[in-house]
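The chain contents come next:
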There are 2 protein chains.
Amino acid sequence: MSTRRDAVRDTLRRSEGFRSAQDVYAEMRQHGAKIGLTTVYRALQALADGGDVDVLRTDDGESVYRACASGDHHHHLVCRRCGHTVEVAGPAVERWAETVGSEHGFTEITHTVEVFGTCASCSSSVRAG
Amino acid sequence: MSTRRDAVRDTLRRSEGFRSAQDVYAEMRQHGAKIGLTTVYRALQALADGGDVDVLRTDDGESVYRACASGDHHHHLVCRRCGHTVEVAGPAVERWAETVGSEHGFTEITHTVEVFGTCASCSSSVRAG
DNA sequence: GGGGATTTTGACAACCATTTTCATTTTGGC
DNA sequence: GCCAAAATGAAAATGGTTGTCAAAATCCCC
């Protein structure tokens with residue numbers, strides 16, 4: 001009985017980058033899906049809790065979601081113009097975080113790492129335009 | 001005429017970790033300062049724009065501010081229990097972000113890195129309590 | 001299938017940090 | 001002192017997100 005949740009996940013999978021709850025809702029409605037905003041929020045949360053999608057916060061405080069290919073721990077390289085996202089691994093960063101944390105006596109160390117930039121196609125279209 | 005702004009900065013300096021705008025406002029009022037919430041927000045923004053304070057977002061979307069000792073680029077090791085914060089440098093991370101970005105054709109690369117953990121005194125008080 | 005308990009759904013209201021508005025106060029220049 | 005420009009702050013607006021609660025769908029045991 002998770003038709004709705006599956007629909008939300010599918011919508012997310014079809015997207016290249018991170019999408020907000022409101023985005024997902026609008027897109028689903030546009031495609032004729034009969035679903036409420038509340039349910040989209042709940043589905044997104046459940047998906048995030050279950051580790052099926054990754055969440056991050058934009059600079060203006062919106063939560064954005066993405067169905068990632070890898071279930072393993074990874075980070076994101078996000079185009080700040082078009083939102084195109086590449087999943088990247090960073091073993092060096094993992095080790096660094098762990099080291100710097102324990103050097104200062106911290107335990108149960110976690111970290112957030114996101115890399116932003118302008119992707120190749122966006123920088124060429126800027127030059128062209 | 002930046003008495004207010006200076007007062008906000010001073011309040012921030014007296015804090016160990018990151019504080020929200022509402023925190024700063026409440027504390028200033030408690031100490032008898034005559035200042036409005038709007039002004040605290042404005043001062044915090046100006047300070048952040050000028051690079052005098054660092055900003056980050058909590059998991060629940062609140063913006064929190066900190067007057068950092070170093071004006072240079074650095075990251076934070078934050079205790080998730082008491083908020084105690086240590087400024088850390090990560091040259092390896094800087095290089096990694098730059099490398100991973102250009103490998104994928106991205107330019108104008110920036111990054112956000114935060115490390116969370118439980119600090120020594122918090123983990124010992126948990127064991128004791 | 002039937003019936004009742006349980007879960008899911010979604011329209012709407014409530015929340016709450018943050019921003020905007022706008023009238024008042026303060027400041028700086030002369 | 002006087003005026004224009006900037007700063008201030010109380011109150012209202014904003015907007016993403018969450019809570020409420022009644023209706024609808026689903027499950028489960030018979």
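Here the residue index of a chain counts from 1 through its sequence in written order. Each chain takes a letter, starting from A, and each ligand takes a number, starting from 1, following the order in which they are written. Given that the model is predicted, a residue must reach a pLDDT of at least 70 before its local features are reported, and side-chain atom pairs must reach 80 or more before they are shown or counted; all residues, however, enter totals for whole chains, interfaces and linings. Hydrogens and water molecules were not included; the side-chain quantities draw on all heavy atoms of the structure.

Q: Which residues make up the overall build of chain A, and what are the values?
A: A tally of regular secondary structure across chain A gives 5 helices and 6 strands. Comment: elements are numbered from the N terminus, with helices defined as DSSP H or I runs of at least four residues and strands as E runs of at least two. Reading the secondary structure of chain A in the N-to-C direction produces α-β-α-α-β-β-β-β-α-β-α. Taking the principal axes of the C-alpha coordinates as reference, chain A spans close to 55 × 45 × 25 Å. For chain A, with 129 residues in total, the buried portion stands at 41%. Contacts were defined at the residue level, with two residues in contact if any of their heavy atoms lie within 4.5 Å. Pairs at least 24 residues apart make up 46% of the contacts formed inside chain A by residues separated by at least 6 positions. The Shrake-Rupley method, run with a 1.4 Å probe sphere, supplies the accessible areas, and residue values consider only the shown protein chains as cover. Accessible area for chain A stands at about 7300 Å²; split by element, carbon and sulfur atoms hold 47% of it. Relative accessibility thresholds used throughout: buried, under 20% of the residue-type maximum; exposed, over 50%; partly exposed, between the two (1.4 Å probe, protein chains only).

Q: Can you explain the interface of chain B and chain A? Please cite residues and give values.
A: Across the contact, 37 residues belong to chain B and 37 residues belong to chain A. Between chain B and chain A, a total of about 2800 Å² is buried, with carbon and sulfur atoms accounting for 64% of that surface. In short, buried area is how much 1.4 Å probe accessible area vanishes from two parts on joining, totalled over both. Looking only at chain B, the three residues that lose the most surface to chain A are B:Arg57, B:Trp96 and B:Phe106, adding up to 24% of its buried area. Whenever Lys or Arg places a side-chain nitrogen within 4 Å of a carboxyl oxygen from Asp or Glu, that contact is recorded as a salt bridge. At the junction of chain B with chain A, the criterion picks out 0 salt bridges. Among the secondary structure elements, those contributing two or more residues to the side of chain B that touches chain A are β4 (75-79), β5 (85-88), α4 (91-103), β6 (107-118) and α5 (120-128) of chain B. The element contributing the most residues to the side of chain B that touches chain A is β6(B), with 12 residues. Here the residues of the side of chain B that touches chain A are counted per class, giving 17 nonpolar, 14 polar and 6 charged. A pair of strands counts as paired when DSSP detects no fewer than two bridges linking them. Strand direction decides the pairing type here: strand β6 (residues 107-118) of chain A and β6(B), joined by 9 bridges, are antiparallel. Residues are grouped as follows: Ala, Val, Leu, Ile, Met, Phe, Trp, Tyr, Cys and Pro are nonpolar; Asp, Glu, Lys and Arg are charged; every other residue, Gly included, is polar.

Q: I'd love a proper account of the packing of helix α1 (residues 3-13) of chain A against helix α2 (residues 21-30) of chain A, names of residues and values included.
A: Residue and element names in this part refer to chain A. Only the contacting stretch of a helix is used when fitting its axis, a line to C-alpha atoms as for every element, and angles between N-to-C directions run 0 to 180 degrees. Direction vectors running N to C along α1 and α2 enclose 100°, while the axes themselves pass 10 Å from each other. On the basis of their axis angle, the class for α1 and α2 is roughly perpendicular. Residues Ala7, Val8, Thr11 and Leu12 of α1 form the contact with α2, whose participating residues are Val24, Glu27 and Met28. For the contact of α1 with α2, the residue count by class is 5 nonpolar, 1 polar and 1 charged. The labels follow the angle: roughly parallel below 35 degrees, roughly antiparallel above 145, roughly perpendicular from 65 to 115, and oblique for the rest.

Q: How would you summarise the protein's contact with DNA strand C if you had to cite specific residues and measurements?
A: Throughout, the term near means that a residue has one or more heavy atoms lying within 4 Å of the molecule or strand in question. Taken together, 15 residues form the shell around DNA strand C, and within it A:Arg4, A:Thr39, A:Arg42, B:Tyr41 and B:Ser63 come nearest. The sugar-phosphate backbone supplies 69% of the atoms of DNA strand C found within 4 Å of the protein. Here a polar contact is taken to be a pair of N or O atoms separated by no more than 3.5 Å, where protein atoms must pair a possible hydrogen donor with a possible acceptor and residues adjacent in sequence count only if both atoms sit in side chains. Here a phosphate oxygen of DNA strand C and a side-chain polar atom of A:Arg4 are 2.7 Å apart. At 2.6 Å from a phosphate oxygen of DNA strand C is found a side-chain nitrogen or oxygen belonging to A:Thr39. Mapped by element, the contributors of at least two residues to the surface near DNA strand C are α3 (37-49) of chain A together with α3 (37-49) of chain B. A breakdown of the residues in the surface near DNA strand C according to their chemical character gives 4 nonpolar, 7 polar and 4 charged.

Q: How would you summarise the pattern of salt bridges if you had to cite specific residues and measurements?
A: Residue and element names in this part refer to chain A. Evaluated as defined, the whole model comprises 10 salt bridges over all chains. In this structure, aspartate 52 engages arginine 9 in a salt bridge whose closest nitrogen and oxygen atoms are separated by 3.2 Å. Here aspartate 52, found in the loop between α3 and β2 (53-57), pairs with arginine 9, found in helix α1; they are 43 residues apart in sequence, far enough to count as distant. Owing to a relative accessible area of 36%, aspartate 52 belongs among the partly exposed residues under this scheme. The class of arginine 9 is buried, set by a relative accessible area of 18%. Residues joined in a network through salt bridges with shared partners are Asp6, Arg9 and Asp52.

Purely geometric stuff here, so don't read any function into it on its own.
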